[in-house]
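Take a look at the letters that make up each chain.
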Amino acid sequence: MNFFFTDILKELKKNKLAFLGLIIIFTFIIIALLAPIIAPHNPSSVFPNSLTIAPFIDGQFLLGTDDLGRDILSRLIYGSRISLMVGTFCVLMSLSFGLLTGLTAGYFGGKVDSILMRFIDILMSLPSILLAIFVVAILGPGLFNAIVAVGIVSIPSFARIVRASTMIEKEKSYVKASMTFQSSSVRIMFNEILPNCLGPIIVQASFAFSEGILSTAALGFLGLGAQAPMPEWGIMLSDARSYLLTAPWLLTLPGLCILTMVISFNILGDGLRDIFDPKTKRRK
Amino acid sequence: MIKYILKKLKHLLITLFGVSLLSFFLLRLIPGDPVMLLLGERGADPKIYKEMKVSLGLDKSIPVQYISFLKKAFQGDLGKSIISKQSVVQEFKDRFPATLELSMIAMIFALILGIPLGVIAAVKKNTWVDYVISSVSLIGYSMPIFWWALILMLIFSLNFMVTPVSGRISVLYDVDPWSGFLLIDTLTKESFSQYGFSAFWDAFRHLILPSFALGTIPLALISRMTRGSMLDVLNESYMRTAKSKGLSFYRIIFIHGLKNALIPIITVAGLIFGGLITGAILTETIFSWPGIGKWLVTSINARDYPVIQASTLFIATIIVLLNNFVDIMYAAINPKLRIK
């Protein structure tokens, strides 16, 4: 297992773009972890004497303040915590459900496969935001519900990928050997097949992470995700709409943060795909 | 092929059944009493409460309720909006053309620009031209379009004032909704004699920013796909044959290359078009575009459940039909897929 990850890292270092993505992601993680130390102010502290200060004017508020006099830099720093957490939970949720569905469907095939895959088809037929809106309509708006909604949306892609790899691995001799030893199905699925499908799963996880951040921010923007005082980037954008002309930095900065994080995960995903799927390498 | 289509149709029916179930259970899964949700404070009166419950059929068992829901849905009756008191189906019909017009213009924009960009990137592989196009498309498909739309609005509508801020057409023009597509309706005999080209031009100007914002992600995806697909084709032996026959460069690239590279691109374009509805929800909210996306968001904030129920049913059905159509078309072009 350890070899597996050091090998990936070695390959990634050769792909400059993907490695850059990885570095940016690590930087975000460090910023998020150290938020209480590096943020100059509390993200919800209000400074009534310093409303809508532009960036780089006041040394106390490096990136300016918003309409309520809150420090933007601090809010952005704390926002990275929320975005990374959102991405992690979305991936964990969709990964675990997708893995179970995909493994079961691919391993058993037949009726089980048909039923599970029809269910996945239904989930896939709903566009992500629509499905999320559907879930939020039932559970009510809130960050947690938005995460659940976005997590559900990503289940099908994981399920399909795991199912496809399981069907290929199932036919290989090492699995057949395991079957003749009468190992239990669960054991074969998790101990034999799963470790051999990790490549495509990791690639998908990277894309699901960016998708999760983007969709949750979109829900926050629509007022269906995280709620007001929270320093979430989508909400910050939504608040900025009223000050487009007077304070455009309220709009540009959180958007750039979202864009940077999403791009980093996408280029990392692209790089990982090149490693695991030699077919795409040819196009480089 | 017929066998494949039949199999697809079977899957289609099952999926539609699931979608209808989801939509049916929406009203029943919301915490709280649906009757009270629909009636608000008036539900406190036991008589009105009971009437409503019977008219909704909520006094019957769940399977009976579902069947009557389906029956009504097929007759075009999906209830009334709590807010406007209008039939939901009618409201949908009024708004859908606006979304369709926006999505189609966005898609045309993405195809017209995306395919040539992809071809250029593939032909100029590993030069600075390729790097620029590839980086821009990478940024494009990572773009949070709700942010992008606002940036575009800030630059073009508020700072340079070259495009209108919101809506489909200025209030000055009173255009008769004949097709629902304003680009067509403004050119009918009647409107044309009244306004000349000015109404058409005004509607077009309203379309520019929203369709550009909505088309950004499809544009990035299509140029990326075209590049990849084109690179695959460029390696094929028939391309070498074409070259050795001494055909002109453009003939080789566009007739022999692009024609073959287009198949996967068209498929993806079909799938992207379905996905545009998602983008439309955000774009329409930002530009106050009177389509189904904005309708859905407004109805969620107003807790207008019949509208949420109906619009999710409509949108999901459209997408399921579209995806299956794309699959069948793809199989018609590529026989290998039918075996699966």
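Just so you know, these numbers come straight off a predicted model, no measurement behind them.

Helix and strand counts for chain A come out as 13 helices and 0 strands. Each of the three principal axes of chain A carries a C-alpha extent, and together these read 75 × 45 × 35 Å. When each of the 284 residues of chain A is scored for burial, the buried share is 48%. Contacts in chain A between residues far apart in sequence, at least 24 positions, make up 67% of those at least 6 positions apart.

Taken together, the contacts link 39 residues of chain B with 35 residues of chain A. For the side of chain B that touches chain A, the elements supplying multiple residues, two or more each, are helix H1 (2–29), helix H6 (128–141), helix H7 (145–159), helix H10 (198–234), helix H12 (249–287), helix H13 (292–301) and helix H14 (305–333) of chain B. Here the side of chain B that touches chain A gets 8 residues from one element, more than from any other, and that element is H1 of chain B. Looking at the side of chain B that touches chain A, its residues break down into 28 nonpolar, 11 polar and no charged.

Once that is clear, we can look at H6 of chain B. All names here are of chain B. Under the 1.5 Å per step criterion, the end-to-end length of H6 is 20 Å for 14 residues, consistent within 8% with the ideal 20 Å. Every buried residue of H6 is accounted for by Ile133, Ser134, Ser137 and Gly140. Within H6, the buried residues cover an arc of 120 degrees as seen down the axis, which keeps them to one side. Looking at the buried positions of H6, the neighbouring elements they touch are helix H5 (88–123) and H10.

As a further point, take unusual backbone geometry. If a residue is not glycine, its phi is most likely negative; likewise, a peptide bond is most likely trans. Even without being a glycine, Thr52 of chain A presents a positive backbone phi close to 35 degrees. Within the secondary structure, Thr52 of chain A sits in the loop between helix H3 (35–38) and helix H4 (72–108).

Before going further, it helps to examine the nonpolar core. The biggest cluster of nonpolar side chains holds 156 residues, and the ones touching the most others in it are Ala132, Ile133 and Ala146 of chain A together with Phe146 and Ala149 of chain B. Excluding residues within four positions of it along the chain, Ile133 of chain A makes contact with Leu224 of chain A together with Leu296 and Ile300 of chain B.

When cut into domains, chain B gives domain 1 (32–77) and domain 2 (89–339). Here the C-alpha centre of domain 2 of chain B lies 39 Å away from the C-alpha centre of domain 1 of chain B.

Considering every residue of chain B, the mean pLDDT works out to 83; 94% of them sit at 70 or more. Confidence metrics for the complex model read pTM 0.88 and ipTM 0.88.

Residues and elements named next belong to chain B. On the secondary structure map, Ile286 appears in helix H12. For the pair Ile286 and Phe146, spaced 140 residues apart in sequence, the C-alpha to C-alpha distance is 7.3 Å. Setting aside anything within four residues of it in sequence, one finds Ile286 in contact with Phe146, Ala149 and Leu150.

Between its first and last C-alpha atoms H10 of chain B spans 46 Å; for 37 residues at 1.5 Å apiece the expected length is 54 Å, and the helix comes up short by more than 12%. The element H10 of chain B is extensively covered by neighbouring structure, given that 28 of its 37 residues are classed as buried.

Residue and element names in this part refer to chain A. As for its position among the elements, Ala240 is in helix H11 (residues 233–240). Its 24 C-beta neighbours within 10 Å are what place Ala240 among the buried residues. The spacing of Ala240 and Leu251 is 11 residues in sequence and 5.3 Å in space, taken between C-alpha atoms. In this structure Ala240 touches Leu250 and Leu251, once residues within four positions along its chain are discounted.

Before going further, it helps to examine the packing of helix H10 (residues 198–221) of chain A against H11 of chain A. All names here are of chain A. At their nearest, the axes of H10 and H11 sit 7 Å apart, and the two run at 40 degrees to each other. For the pair H10 and H11, the sense of crossing is right-handed. Contacts between H10 and H11 involve Thr216, Ala217, Ala218, Leu219, Gly220 and Phe221 on the former and, on the latter, Trp233, Gly234, Ile235, Leu237 and Ser238. Here the residues of the contact of H10 with H11 sort into 7 nonpolar, 4 polar and no charged.

Attention now moves to the environment of Leu131 of chain A. Residues and elements named next belong to chain A. Structurally, Leu131 is set in helix H6 (residues 128–139). Distance in space between the C-alpha atoms of Leu131 and Lys170 is 33 Å, their sequence separation being 39 residues. Among all residues touching Leu131, those that are not within four sequence positions of it are Leu126, Ala149, Ile152 and Val153.

Here we take up the packing of helix H5 (residues 110–125) of chain A against helix H7 (residues 143–170) of chain A. All names here are of chain A. Between H5 and H7, whose axes approach to 9 Å, the crossing angle comes to 130 degrees. Taken together, the axes of H5 and H7 are oblique relative to one another. You can see that H5 and H7 cross each other, and the crossing is left-handed. From H5, Ile120, Leu123 and Met124 reach across to H7, where they touch Ile152, Ile155, Pro156, Ala159 and Arg160. Looking at the contact of H5 with H7, its residues break down into 7 nonpolar, no polar and 1 charged.

The rules behind each value
Residues numbered from 1 in each chain as written. Chains lettered and ligands numbered in written order. Predicted model: local features only at pLDDT ≥ 70, side-chain atom pairs only at ≥ 80, totals over all residues. Helix = DSSP H or I, 4+ residues; strand = E, 2+ residues; numbered from the N terminus. Buried ≥ 20, exposed ≤ 12 C-beta atoms within 10 Å, placed from the backbone. Contact = placed C-beta atoms within 7 Å. Nonpolar A, V, L, I, M, F, W, Y, C, P; charged D, E, K, R; others polar. Expected span 1.5 Å × (residues − 1). Arc of directions from axis to C-beta. Core = buried A, V, L, I, M, F, W, Y, C linked by C-beta atoms within 7 Å. Domains from an automatic or database assignment. pLDDT = per-residue confidence, 0-100. Axes fitted to C-alpha atoms, helices over the stretch in contact; angles between N-to-C directions. Left-handed = near helix turned anticlockwise from the far one by under 90°. Parallel < 35°, antiparallel > 145°, perpendicular 65-115°, else oblique.

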